[in-house]
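Residue-level structural notes
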Amino acid sequence: PQLRQALLRDLDVQLLVLHAEQFDLGHVGHAQQPPAHVVGEGRHGVGARTGYTWKAGGCCGEKASDEDDVSFLVAVIDGLVANDGVDPNQVYVTGISNGGMMAYRLACDAPESVAAIAPVSATLFTDDCAPGVPVSLLHIHGLEDDNVLFEGGRNPKGLVKQDRPPVLDGIDTFLAADDCSSEVTVADDDDVVTETWSDCAAESTVELVTIATGGH
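The paragraphs below set out a description of the structure included in this document.

Quick notes on the rules
- Residues numbered from 1 in each chain as written.
- Predicted model: local features only at pLDDT ≥ 70, side-chain atom pairs only at ≥ 80, totals over all residues.
- Heavy atoms only, no water.
- Disulfide = S-S within 2.5 Å.
- Helix = DSSP H or I, 4+ residues; strand = E, 2+ residues; numbered from the N terminus.
- Buried < 20%, exposed > 50% of the residue type's maximum accessible area, 1.4 Å probe, protein only.
- Contact = heavy atoms within 4.5 Å.
- Core = buried A, V, L, I, M, F, W, Y, C linked by side-chain atoms within 4.5 Å.
- Axes fitted to C-alpha atoms, helices over the stretch in contact; angles between N-to-C directions.
- Parallel < 35°, antiparallel > 145°, perpendicular 65-115°, else oblique.
- Nonpolar A, V, L, I, M, F, W, Y, C, P; charged D, E, K, R; others polar.
- Pairing = 2+ DSSP bridges.
- Phe/Tyr/Trp six-rings, centres within 6.5 Å; stacked < 30°, edge-to-face > 60°.

Some points on the state of the cysteines
Within the structure shown, the criterion is met by two disulfides. The side chain of cysteine 108 participates in a disulfide bridge whose partner is cysteine 129; the two sulfur atoms lie 2.0 Å from each other. Its S-S torsion of about -90° marks the bond between cysteine 108 and cysteine 129 as left-handed, since a negative value means left-handed. You can see cysteine 108 sitting in helix α3 (residues 98–109) and its partner cysteine 129 sitting in the loop between β4 (116–120) and β5 (136–142), a full 21 residues away along the chain. Like cysteine 129, cysteine 108 is buried. The disulfide partner of cysteine 180 is cysteine 200, and the gap between their sulfur atoms is 2.0 Å. The disulfide joining cysteine 180 to cysteine 200 has a torsion of about 105° about its S-S bond and is therefore right-handed. In this pair, cysteine 180 sits in the loop between α4 (167–177) and β8 (185–189) while cysteine 200 sits in the loop between β9 (192–197) and β10 (206–211), placing the two residues 20 residues apart along the sequence. Of the two residues, cysteine 180 and cysteine 200, both sit in the buried class.

Structural notes on the side chain of threonine 126
Relative to the helices and strands, threonine 126 is located in the loop between β4 and β5. For threonine 126, a relative accessible area of 16% corresponds to the buried category. Leaving out residues up to four positions away in the same chain, threonine 126 has contacts with Ala56, Gly57, Arg105 and Asp109.

Focus on the nonpolar core
With 43 residues, the main nonpolar core has Leu106, Val114, Ile117, Ile171 and Phe174 as its most contacted residues. Taken together, the elements giving at least two residues each to this core come down to β1 (14–18), α2 (69–84), β3 (91–96), α3, α4 and β10. With seven residues, α3 is the largest single contributor of residues to this core.

Describing the packing of α2 against α3
Where α2 contacts α3, the axes come no closer than 10 Å and their chain directions differ by 80°. With respect to α3, the axis of α2 lies roughly perpendicular. Residues Asp69, Val70, Leu73, Val74 and Ile77 of α2 touch α3, and the partners they reach there are Met102, Arg105, Leu106 and Asp109. Residues of the contact of α2 with α3, tallied by class, amount to six nonpolar, no polar and three charged.

Structural notes on the environment of isoleucine 77
Within the element layout of this structure, isoleucine 77 appears in helix α2. Isoleucine 77 sits 61 residues away from leucine 16 along the chain, and the two C-alpha atoms are 8.7 Å apart. When neighbours within four sequence positions are excluded, isoleucine 77 is seen to be in contact with Leu16, Val91, Leu106, Ser113 and Val114.

Some words on the pairing of β10
Counted residue by residue, β10 has five buried out of six residues, so it is predominantly covered. Where β5 meets β10, six bridges bridge the pair, whose relative direction is parallel. In the sheet register, leucine 138 faces β10, and the bridge partner there is glutamate 207. Note: β9 against β10, six bridges, orientation antiparallel. The partner of valine 193 across the bridge, within β10, is threonine 210.

Here's the deal with the packing of aromatic side chains
Across all of its chains, the model carries two aromatic pairs by this definition. Relative to phenylalanine 174, the ring of tyrosine 104 lies with its centre 5.7 Å away and its plane at 50°, an arrangement referred to as tilted. Placement of tyrosine 104 in helix α3 and of phenylalanine 174 in helix α4 is noted, with a sequence separation of 70 residues between them. By relative accessible area, which is 0% here, phenylalanine 174 ends up buried.

Re unusual backbone geometry
Even without a glycine there, the phi angle at serine 121 is positive, about 50°. Structurally, the position occupied by serine 121 is in the loop between β4 and β5. Positive phi, normally seen in glycine, also occurs at aspartate 179, with a value near 55°. Considering the arrangement of structural elements, one finds aspartate 179 in the loop between α4 and β8.

In structure tokens form, the structure reads like this:
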């Protein structure tokens, strides 16, 4: 996908890293070196937000009704473009768990702000996701994840117990949004399987990486 290729080519790309529920900057601080920007929440400069969670749709936790994390992230990106000379066409967003769900929501609600997203151990938890422009997707998931179940359903572990959508629902949503053909390339490397759909609109790609023995 675009994200992997751009990083390998060392282009002027910008990667935003979104923390998981109940985590903060300190837990993902190793990614602070350029081109990564660790986006903090809660006590870290954007007000007193409850529980250090992203308002990613159905997950996670209770948050004030007037909080708008999509607008917050769009403002962060706009600031990087205006003040740091970031190429608006080379902005990538990744996150794990609740952070990955927020990456999905950002692509759904503000697709023009990102070139691609790379959720890890997450799922699309936003109703009526219909990006108006193609957004490339790289999703990475462990099949033994018992916090965000690959098949969907109620998670046995995690701070918030709830029914969550199957990962493949999100993959199908972006295959449709990116107008991808059904042609898929599959690479099987021991317990890691990579499925890639590259025949998509506007040179976008959708890629799903599953790890048979991977957890959350």
